[in-house]
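Here are the chains, one letter per residue:
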Amino acid sequence: QVQLVESGGGLVQPGGALRLSCAAAGSIFSVNAMGWYRQVPGNQRELVATITSGGNTNYADSVKGRFTISRDNAKNTVYLQMNSLKAEDTAVYYCHAFAFPARGSSQRLYWGQGTQVTVSS
């Protein structure tokens, strides 16, 4: 079983920065794309950023130029550096990963438990 363990959320003032981390642990053969979504109560979960195992990235227009996604393949860990945070970035941030739990298995989508990011003065 693959678990995604997130850390790094919290309360920050507008204009501040936070760094989220998400480590894939457990029985893992390989990890493909990883990324982050976020969700505000009452709204659908929305894409924030994704990164392939080869390092290709994709960002939501709302975070381009402010957020940077990166990963350490050796550690099966993805990071989200969030700068110039705004009140509208407040949400629960969820890590996701496409991974093969074992050699010969099917690729599966896994989700983290979510970490709260609150941007407020």
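Description of the structure in this document. (Residues numbered from 1 in each chain as written. Predicted model: local features only at pLDDT ≥ 70, side-chain atom pairs only at ≥ 80, totals over all residues. Heavy atoms only, no water.)

Time to look at the pattern of salt bridges. In this structure the tally under the stated criterion is four salt bridges. Close ionic contact of Asp89 with Arg38 constitutes a salt bridge, the shortest N to O distance being 3.0 Å. On the criterion of sequence distance, the pair formed by Asp89 in the loop between strand 8 (77-82) and strand 9 (91-100) and Arg38 in strand 4 (residues 30-39) is long-range, its members being 51 residues apart. Connected through salt bridges with shared partners, the residues Arg38, Glu46, Arg66 and Asp89 form a single ionic network. (Salt bridge = Lys/Arg side-chain N within 4 Å of Asp/Glu carboxyl O. Helix = DSSP H or I, 4+ residues; strand = E, 2+ residues; numbered from the N terminus.)

Turning our attention to the side chain of Asp89. In this structure Asp89 comes out as buried when scored by relative accessible area, which is 1%. Within the structure, the side chain of Asp89 is placed 2.8 Å from the backbone nitrogen of Lys86, a separation counted as a polar contact. Those residues in contact with Asp89 that sit more than four places away from it in its chain are Arg38, Arg66, Phe67, Ser84, Val117 and Val119. (Buried < 20%, exposed > 50% of the residue type's maximum accessible area, 1.4 Å probe, protein only. Polar contact = N/O pair within 3.5 Å; in protein donor to acceptor, adjacent residues only side chain to side chain. Contact = heavy atoms within 4.5 Å.)

With respect to the element layout, Thr77 can be found in strand 8. Of the residues examined, Thr77 reaches a relative accessible area of 8% and is grouped as buried. Reaching out from Thr77, the side chain makes a polar contact with the backbone oxygen of Lys75 at a distance of 2.9 Å. Ignoring anything within four residues of it in the chain, the contact list for Thr77 reads Cys22, Ala23, Met34, Ser70, Arg71 and Asp72.

Attention now moves to the nonpolar core. Core analysis: the biggest nonpolar cluster contains 30 residues, and Trp36, Leu80, Met82 and Tyr93 have the highest contact counts within it. Contributions of two or more residues to this core are made by strand 1 (2-7), strand 3 (18-26), strand 4, strand 5 (46-51), strand 7 (67-72), strand 8, strand 9 and strand 11 (115-119). (Core = buried A, V, L, I, M, F, W, Y, C linked by side-chain atoms within 4.5 Å.)

This brings us to the environment of Ala23. Relative to the elements of secondary structure, Ala23 occurs in strand 3. Setting aside anything within four residues of it in sequence, one finds Ala23 in contact with Gln3, Leu4, Val5, Asn76 and Thr77.

Mapped onto the elements, Met82 comes out in strand 8. Met82 sits in the buried class, given a relative accessible area of 0%. Non-local contacts of Met82, meaning those with residues more than four positions away in its chain, are made with Gly16, Ala17, Leu18, Leu20, Arg66, Phe67, Tyr93 and Val117.

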